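Examining the three-dimensional arrangement
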Amino acid sequence: MDTGSYTLRMPAAARGVSWRLPDDDDPRTVLPCVVLADRAGMGEFAGLQRGLRALGVPSVRIDAGSLAAVTRHEDGSLTIDGRRILPTVTWVRHFGAFAGGDARALFRAESWVALVDQVTALSSVRIPDGLDPGRLAQLDGAAKAGVRVPRTIVTTDPAGAAFPCRKVVVKALSRHFVEAEPNLLEGVFPEIGDRSAFHTRDAPMIVQEYVEHTAELRVYHVDGEIRAFRVEKPSPAAIWRDEGSVTVEPVPAPPEVAEAVHRLADLWSLRYGAFDFLLTADGPVFLEVNPDGDWRWFESKAGVDDVSMATLAMVRRLHRENTRVDLSGFLLLGGRATALDVRVLGPLDVRVGGVPLAISARKSRLLAAILLSNPNEVVPTDHLIDSLWEGRPPATARKNLQVYVSELRKRLGDRIAFEGWGYRLDARRDELDLLRFRDLAAAGREMRRRGAGEAALHLLDRALDLWRGRPLAEFAGVPLLDETVARCTDLHLAVNEDWAELQIERGAFVEVLTRLDDLAAFFPARERLIAARMTALAGCGRAPEALAQFEAVRRRLAGELGLDPSPVLKRLYTSILTGKPAARPGDTSG
């Protein structure tokens, strides 16, 4: 059996350098810029560049066939075709030299690949940013992490696979294609069949047991967010050979799948990855992850752009964060790098002197997270010990804690003090996003109380821009941090509600829905949030959805708490039902 070979011609596309710069770009300045490197003809980065351009984020896209004048300077900046840039985010996918062509063309392509590889390695933010361990290492790592995988061997003789089942899957050990000449891919599809039908190969192949399943999922992990698609196809080759026979639909990721994706993304430090799973009666089965996985084809089949929007938001956020300080000493955005720059409103990110500080040991990292999330406050020693050793401290715990604090003090500077019953880490507003968030939130809400709506919106927007996802998610389950995160989350929701109510007063209903849709899904019984979303839905002419939202809240409150919705929410429901929605949602706390 050998029906899997194929030849695929990539779409024709102009090779070279593609710039998307602001209209007011000053060529005399060193421009903080996103660098995208991929294969000519791929659609993912073309769409991403358009989105970045609309958001005012400069970017340059290159491919291995590029012909451009380039210089990498000692300070880390790049000059490409006369424009000097400082890479803020470098994302590389499907970027490589092809095997065909004359020696000079191959040398040129390989030189571009080497430059991109080395610029990427030196970038403060790079994607992929973790390991690409290969399929065998992926399966081994997933199994050790408690995620179910198919039984797998590597062999040149698939017929001899010693599996109890007869039906097997045979696929390439590495990439299933090579680029023999520009834009011409040649390779081997995965094959499914009785193992006796497979002949001996001249290359080692992966052979797996065939897993009976109810569904196949393609799951995208984008900076902690999950987007899932259900894929139905008659054969593995159908995606390439018969697109019309393939159906793709967006679906919520089952909790077991989402948890496995988060666990594996953390294991391999993947900011982005395309995961493949099978759903079975016994739970999900992990097949593989591709750190270069395409998303536009799946989106176009499903008629959505969820992954594109998530990647756009990710790159925009990373670019903004990395234009604050220049690792080479430039002055960007009018400010100098502070000695300490810490972000806890999302994954823990610590920088000293503008340089990312790697804290890899679990207890040291947890200690840093606790002290940094309780800035300028004394954290009792007993609470630290309970958190670091999960309530089962060794006899040497206090001495060990002193060692961890001493090591952290050396790395963060002399800002950790012992107060007799605990430790305090001193930080300023310009050094810690949590302090900035609290100050901006308080100032914005005060401006709203005074009736200064525009000023309030500006301050609240700045506060919300600091939020990068669930704070310190890697330490979920540590009670001391869970309490802090709960307080931060409650303030974050209140700021979103203030912001939404101000926007509703201005008739910005679509903007409100864009921000609140995900929050409402995670906090379906938070009445003030739901009231704002119902008002925005009605304002967009979607009154039936607003009424359905109320019914969902009513059922949840009754079923889980034995309560009725607040009078304010009931009045809002009535006003929408009668076609007279309120101009603003009002206060639902009573």
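Residues numbered from 1 in each chain as written. Predicted model: local features only at pLDDT ≥ 70, side-chain atom pairs only at ≥ 80, totals over all residues. Heavy atoms only, no water.

Some points on the overall build of the chain
On a plain count of helices and strands, the chain comes out with 17 helices and 25 strands. Within the chain, the proportion of its 590 residues that are buried is 48%. When contacts within the chain are restricted to residue pairs at least 6 apart in sequence, long-range pairs at least 24 apart make up 68% of them. When the accessible surface of the chain is split by element, carbon and sulfur atoms take 52% of a total near 27300 Å². (Helix = DSSP H or I, 4+ residues; strand = E, 2+ residues; numbered from the N terminus. Buried < 20%, exposed > 50% of the residue type's maximum accessible area, 1.4 Å probe, protein only. Contact = heavy atoms within 4.5 Å. Areas by Shrake-Rupley, 256 points an atom, 1.4 Å probe, with all protein chains shown as cover.)

Things to note about the sheet that holds strand β21 (residues 349-352)
Overall, antiparallel pairing links the three strands, which are arranged β20-β21-β22 in an open sheet. A single partner strand is all that each edge strand has here, and the edge strands are β20 (340-343) and β22 (355-356). As defined by bridge partners, β21 adjoins β22 across two bridges and the pair is classed as antiparallel. Counterpart to Arg351 in the pairing with β22 is Pro356. (Pairing = 2+ DSSP bridges.)

A look at a nonpolar patch on the surface
On the surface, Leu136, Val154 and Leu173 cluster together to form a nonpolar patch covering roughly 200 Å² of accessible area. On the secondary structure map, Leu173 appears in the loop between β10 (167-172) and β11 (177-181). Judged by relative accessible area, which is 31%, Leu173 ranks as partly exposed. (Patch = residues over 30% accessible without salt bridge, like charges linked within 9 Å, V, L, I, M, F, W, Y side chains within 5 Å. Salt bridge = Lys/Arg side-chain N within 4 Å of Asp/Glu carboxyl O.)

Quick word on empty space enclosed by the protein
Over the atoms, a rolled probe matching the size of one water molecule traces out where space is still vacant. Scanning all chains against the criterion turns up four cavities of 30 Å³ or more. In this model, the largest cavity occupies a volume close to 70 Å³. Lining the largest cavity are 10 residues, and of these Val35, Ile62, Leu78, Val116 and Val119 lie nearest its centre. Secondary-structure elements contributing two or more residues to the lining of the largest cavity are β6 (78-80) and α2 (103-122). The leading source of residues in the lining of the largest cavity is α2, at four residues. Residue composition of the lining of the largest cavity, grouped by class: nine nonpolar, one polar and no charged. (1 Å grid on protein atoms, 1.4 Å probe; cavity = no way out; pocket = protein on both sides within 12 Å on 5 of 7 lines; lining within 4 Å. Points joined across faces, edges and corners; volume = space filled by probe spheres on them. Nonpolar A, V, L, I, M, F, W, Y, C, P; charged D, E, K, R; others polar.)

A closer look at the packing of aromatic side chains
Following the criterion strictly, the structure yields 15 aromatic pairs and no others. Seen in terms of ring centroids, Phe550 and Tyr573 are 4.2 Å apart; in terms of plane orientation they differ by 25°. Their pairing is stacked. A residue pair is termed long-range when its members are at least 10 positions apart, and Phe550 in helix α16 (residues 543-561) and Tyr573 in helix α17 (residues 567-577) qualify at 23 residues. One exposure class covers both Phe550 and Tyr573, and it is buried. In this structure an aromatic cluster arises from ring pairing among Phe45, Trp91, Tyr220, Phe229, Tyr272, Trp295, Trp297 and Phe298. Stacked on the ring of Phe45, the Lys or Arg Arg93 has its end atom at 5.6 Å from the ring centre. Stacked on the ring of Trp499, the Lys or Arg Arg515 has its end atom at 4.2 Å from the ring centre. (Phe/Tyr/Trp six-rings, centres within 6.5 Å; stacked < 30°, edge-to-face > 60°. Lys NZ or Arg CZ within 6 Å of the ring centre and 35° of its normal.)

Some thoughts on the nonpolar core
Counting 77 residues, the largest nonpolar core has Leu371 and Met534 as the members making the most contacts within it. Residues in contact with Leu371, not counting those within four places in the same chain, are Val379, Leu384, Leu408, Ile416, Tyr423 and Leu425. (Core = buried A, V, L, I, M, F, W, Y, C linked by side-chain atoms within 4.5 Å.)

Notes on the environment of Gly293
Summarising the element assignment, Gly293 is placed in the loop between β19 (283-290) and α6 (296-302). With 21 residues separating them along the chain, Gly293 and Tyr272 place their C-alpha atoms 8.8 Å apart. Setting aside anything within four residues of it in sequence, one finds Gly293 in contact with Arg93, Tyr220, Tyr272 and Ala274.

A short note on the packing of helix α8 (residues 362-372) against helix α10 (residues 397-412)
Contact pair α8 / α10: the axes reach a minimum separation of 10 Å and the direction vectors enclose 75°. Put simply, α8 runs roughly perpendicular to α10. Residues Lys363, Ser364, Leu367, Ala368 and Leu371 of α8 form the contact with α10, whose own contacting residues are Leu401, Tyr404, Val405, Glu407 and Leu408. (Axes fitted to C-alpha atoms, helices over the stretch in contact; angles between N-to-C directions. Parallel < 35°, antiparallel > 145°, perpendicular 65-115°, else oblique.)

Quick look at the packing of α16 against α17
The packing of two helices is summarised by the inter-axis angle and the distance between the axes. Relative orientation of the contacting elements α16 and α17 amounts to 150°, with a least axis distance of 10 Å. Classed by the angle they form, the pair α16 and α17 counts as roughly antiparallel. The interaxial crossing formed by α16 with α17 has left-handed handedness. Across from Ala543, Ala546, Leu547, Phe550, Glu551 and Val553 in α16, the residues of α17 making contact are Leu569, Lys570, Tyr573, Ile576 and Leu577. Residues belonging to the contact of α16 with α17 are distributed by class as follows: nine nonpolar, no polar and two charged. (Left-handed = near helix turned anticlockwise from the far one by under 90°.)

Re helix α5 (residues 255-267)
Along its 13 residues, α5 runs 18 Å from first to last C-alpha, staying within 8% of the 18 Å computed at 1.5 Å per residue. What α5 keeps buried is the set Val257, Ala258, Ala260, Val261, Leu264 and Ala265. Projection of α5 onto a plane perpendicular to its axis shows the buried side chains occupying an angular sector of 165°, all on one side. α5 presents Pro255, Glu256 and Asp266 as exposed residues on the side facing more than 90 degrees away from its buried surface. Residue Ser269 follows α5 closely and has a positive phi angle near 55°. (Expected span 1.5 Å × (residues − 1). Arc of directions from axis to C-beta.)

With respect to helix α3 (residues 135-144)
All of the buried residues along α3 are Arg135, Gln138, Leu139, Gly141 and Ala142. Down the axis of α3, the buried side of the element spans an arc of 165°, and every buried residue falls inside it. Residues of α3 that are buried make contact with β9 (152-155), β10, β14 (205-209), α5 and β19. Two residues or fewer after α3 comes Gly146, characterised by a positive phi angle close to 85°.

Digging into the sheet that holds strand β23 (residues 378-380)
Here we have three strands laid out as an open sheet, ordered β23-β25-β24, and antiparallel in their pairing. The open sheet is flanked by β23 and β24 (416-418), the only strands paired with a single partner. Across the sheet, the axes of successive neighbouring strands diverge by a mean angle of 30°, strand direction being ignored. The pairing of β23 with strand β25 (residues 422-425) spans three bridges and is classified as antiparallel.

None of this, on its own, says anything about what the molecule does.
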